[in-house]
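Structural overview for review
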Amino acid sequence: GGGGGSNSSSSSANNNTNEPSIAPAHSNVQSVISPNGGIYHPCHGYSTRKISIFDVFPAIVKYQSKKYTECDRVDYLLALSDKPFPAVHNRSRALKVHESEMWYTALKYLFNDITLGQFDYMSVEMRYVLRQYMANHENRANFLNSIKQFGFLRVISDIQKKLPKEYIQKLIRAEHDKRQKRKLLLANEKLRMEHQQRVLLQQHMLLQSQHHHPSTSPTQPTMFYSPHPHVQVHGYGAPLSAPPHAAMYAHAHAAHMVPSPLYARGP
C-alpha cells in the first residue's frame, strides 16, 4: 500500500515536471513594448513578431467572454481611448503603430462575435468609415458613446444607409495613390543613396590604389619646362622656375619662326 502511494506521488511529480509552467492568475502577464517595437512577455521572453492588439490593449481577451455585455466592452474601450499605447523604456514617446488600424482590430475582436459576424459582411467602404471613427480619441468617443446609447447594430445600420459609396471610393483611391507615390519616392531615394555609396567606394578604392602604386616617386618631383622664359611651372611640390637654357631655346625658336625679309630683284 505504502509502495503504491510512493509510486503515485512519484508519477505525479514527473507529470508536474513535464507540464509547461503556467503563470499564476495574479501574475502580470501583459507584454511590455519598447518604442522601437521590441516586445517582452513575462512568460515567453523577447519576441520579434509584429505588435498586436493583445500587446497594446491590456486584458482585452477577458472582455471577449460572454459574461461581458456590449456596454461593458464599450466602457473598456472608452477607458483606454485617450491613453497612448503602452511603451516601456520611454513613456514620453508614442508607440509607432497604425492607430486607427489597431483600434479597428480591437473593435472587431470585441464586437464581431456578439453581433453574429457583422464585420465579416461589411463592404470595403464601410470598413474604411469605421477605421476613420477609430482614428483618434474624439472620433472614438463619439462613435463608442453612440453604440452605448443606441446599440452596435443600430449604429452600424444607420451608417450603412447614409454611406456615400462613390465619395468614399474616391478617398480610398486617393489614399492608395498617395501610398504608392510615397513608396516610389522611398525606392528612388534608396537607389540614389546606394548609387552615392558605390561612387564613394570607387573613389576610395582609387585613392587607395594610387597610394599603394604611385606613378612617380614622391622624392623625385616631376618637372615641366616651358619654352618661355621667366614662367613658373608647377610640378610635384613647390613651383619651379624655368631652367636657364629655356630662355635660349625660346629665343632660337622665335628666331626660326620669323620669316626672312624679301629683297626685290633688280631689272
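Refer to the structure printed above.
Keep in mind it's a predicted model, so treat the numbers as computed, not measured. (Residues numbered from 1 in each chain as written. Predicted model: local features only at pLDDT ≥ 70, side-chain atom pairs only at ≥ 80, totals over all residues. Heavy atoms only, no water.)

With respect to the side chain of D55
- Tracing the sequence through the fold places D55 in helix α2 (residues 53-56).
- Within the structure, the side chain of D55 is placed 2.9 Å from the backbone nitrogen of S52, a separation counted as a polar contact. (Helix = DSSP H or I, 4+ residues; strand = E, 2+ residues; numbered from the N terminus. Polar contact = N/O pair within 3.5 Å; in protein donor to acceptor, adjacent residues only side chain to side chain.)

Concerning the packing of helix α3 (residues 70-81) against helix α6 (residues 137-150)
- Running from amino to carboxyl end, α3 crosses α6 at an angle of 165 degrees, the nearest separation of the two axes being 10 Å. Viewed along their axes, α3 and α6 adopt a mutual orientation that is roughly antiparallel. Along this stretch, α3 crosses α6, giving a crossing that reads as left-handed. On α6, the residues touching E70, C71, V74, D75, L77, L78 and S81 of α3 are H137, R140, A141, L144, N145, I147 and K148.
- A breakdown of the residues in the contact of α3 with α6 according to their chemical character gives seven nonpolar, three polar and four charged. (Axes fitted to C-alpha atoms, helices over the stretch in contact; angles between N-to-C directions. Parallel < 35°, antiparallel > 145°, perpendicular 65-115°, else oblique. Left-handed = near helix turned anticlockwise from the far one by under 90°. Contact = heavy atoms within 4.5 Å. Nonpolar A, V, L, I, M, F, W, Y, C, P; charged D, E, K, R; others polar.)

Some words on the packing of helix α4 (residues 99-111) against α6
- The interhelical angle for the contact between α4 and α6, taken along N-to-C directions, is 10 degrees, at an axis separation of 13 Å. On the basis of the axis angle, α4 is roughly parallel to α6. Contact residues: E99, W103, L107 and F111 in α4; R140, F143, L144 and I147 in α6.
- Of the residues belonging to the contact of α4 with α6, the class tally is six nonpolar, no polar and two charged.

Here we look at helix α7 (residues 152-161)
- Buried residues of α7: F152, V155, I156 and I159, and no others. Summarising the axial view, the buried residues of α7 lie within an arc of 95 degrees, below the 170-degree limit, and thus occupy one face. (Buried < 20%, exposed > 50% of the residue type's maximum accessible area, 1.4 Å probe, protein only. Arc of directions from axis to C-beta.)

As for the side chain of R73
- Tracing the backbone through its elements, the reader meets R73 in helix α3.
- Taking relative accessible area as the criterion, R73 reaches 0% and is therefore assigned buried.
- In terms of polar contacts, R73 uses its side chain to reach the backbone carbonyl oxygen of Y63, at 3.2 Å.
- When residues no more than four places from it in sequence are discounted, the contact partners of R73 are Y63, Q64, S65, K66, Y68, L110, F111, D113 and I114.

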